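# A look at the structure
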Amino acid sequence: MIDSAIAGTELGSFSFPIDRSKLAELARAHHDDDSAWYDQDAAADAGFETIPVPPTVTVLGDHWRAGGALAAALAIGADVKRLLHGEASWEYLEPITLGDELTATARVTDVGQREGKRGGTMTLVTIQTDFANQHGRLVARRRDTLIETEAAG
């Protein structure tokens, strides 16, 4: 069970590269075979100065974090058998480009509860992850809402 006292807790930092092979894999995961996502010439032909990054590029970092994509959920004490990913949103402050090295720092920004439509209390946890590039500039912010449903009683 998630303790509401975790609001404000930093969940750690990790760094990861934005590399061409991962951009190609991410584009293909989105069923987009446009070579502009991984080939400089194709990107230039499409009007880009450099290879663009997909809007969800920061999710690649979840695979670089110790413990993988579930690390944040485990760090907040969530029962992963009762866990849902409720929402994700991104705010881009500067361009992220191929070759960048991003450092992500995650923090719990809010913990709340509400009654579920099917009964039982849900605990909602908002985790904000700030992404800084290799120059120390904040380039993106991601907010995830995790929902832990009440244990069957």
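Given the structure is predicted, the values throughout are model-derived calculations rather than measurements.

Within the sequence span of helix α1 (residues 20-29), burial applies to Leu-23, Ala-24, Leu-26 and Ala-27. The buried side chains of α1 occupy one side of the element, clustering within an arc of 165° when seen end-on. The first or second residue beyond α1 is His-31, which carries a positive phi of 60°.

Moving on: the sheet that holds strand β5 (residues 138-149). With respect to topology, five strands assemble into an open sheet ordered β1-β3-β4-β5-β2, the strand pairing being antiparallel. Each edge of the sheet is formed by a strand with only one pairing partner; in this case those strands are β1 (10-17) and β2 (83-92). Strand-to-strand twist in this sheet, taken as the mean axis angle between neighbours without regard to direction, amounts to 20°. Both strand β3 (residues 101-115) and strand β4 (residues 121-132) contribute to a ladder of 12 bridges, which runs antiparallel.

Moving on, we come to unusual backbone geometry. Unlike most non-glycine residues, His-31 shows phi in positive territory, near 60°. Relative to the elements of secondary structure, His-31 occurs in the loop between α1 and α2 (40-45).

The next thing to look at is the environment of Glu-10. Mapped onto the fold, Glu-10 is located in strand β1. Among the residues examined, Glu-10 registers a relative accessible area of 42% and is labelled partly exposed. Expressed as a C-alpha distance, the spacing of Glu-10 and Glu-91, which sit 81 residues apart in the sequence, is 19 Å.

What follows deals with the packing of aromatic side chains. Inspection of every chain in the model, using the stated rule, returns two aromatic pairs. Seen in terms of ring centroids, Phe-16 and Phe-131 are 6.2 Å apart; in terms of plane orientation they differ by 90°. Their pairing is edge-to-face. Of this pair, Phe-16 sits in strand β1 while Phe-131 sits in strand β4, and the two are 115 residues apart along the sequence. Phe-16 gets classed as buried once you look at its relative accessible area, which sits at 0%. A residue is classified by how much of its surface remains accessible, and Phe-131, at 1% relative accessible area, is buried. Here a set of aromatic residues connected by ring pairs shows up, and it is made of Phe-14, Phe-16 and Phe-131.

Criteria and cut-off values
- Residues numbered from 1 in each chain as written.
- Predicted model: local features only at pLDDT ≥ 70, side-chain atom pairs only at ≥ 80, totals over all residues.
- Heavy atoms only, no water.
- Buried < 20%, exposed > 50% of the residue type's maximum accessible area, 1.4 Å probe, protein only.
- Helix = DSSP H or I, 4+ residues; strand = E, 2+ residues; numbered from the N terminus.
- Arc of directions from axis to C-beta.
- Pairing = 2+ DSSP bridges.
- Axes fitted to C-alpha atoms, helices over the stretch in contact; angles between N-to-C directions.
- Phe/Tyr/Trp six-rings, centres within 6.5 Å; stacked < 30°, edge-to-face > 60°.

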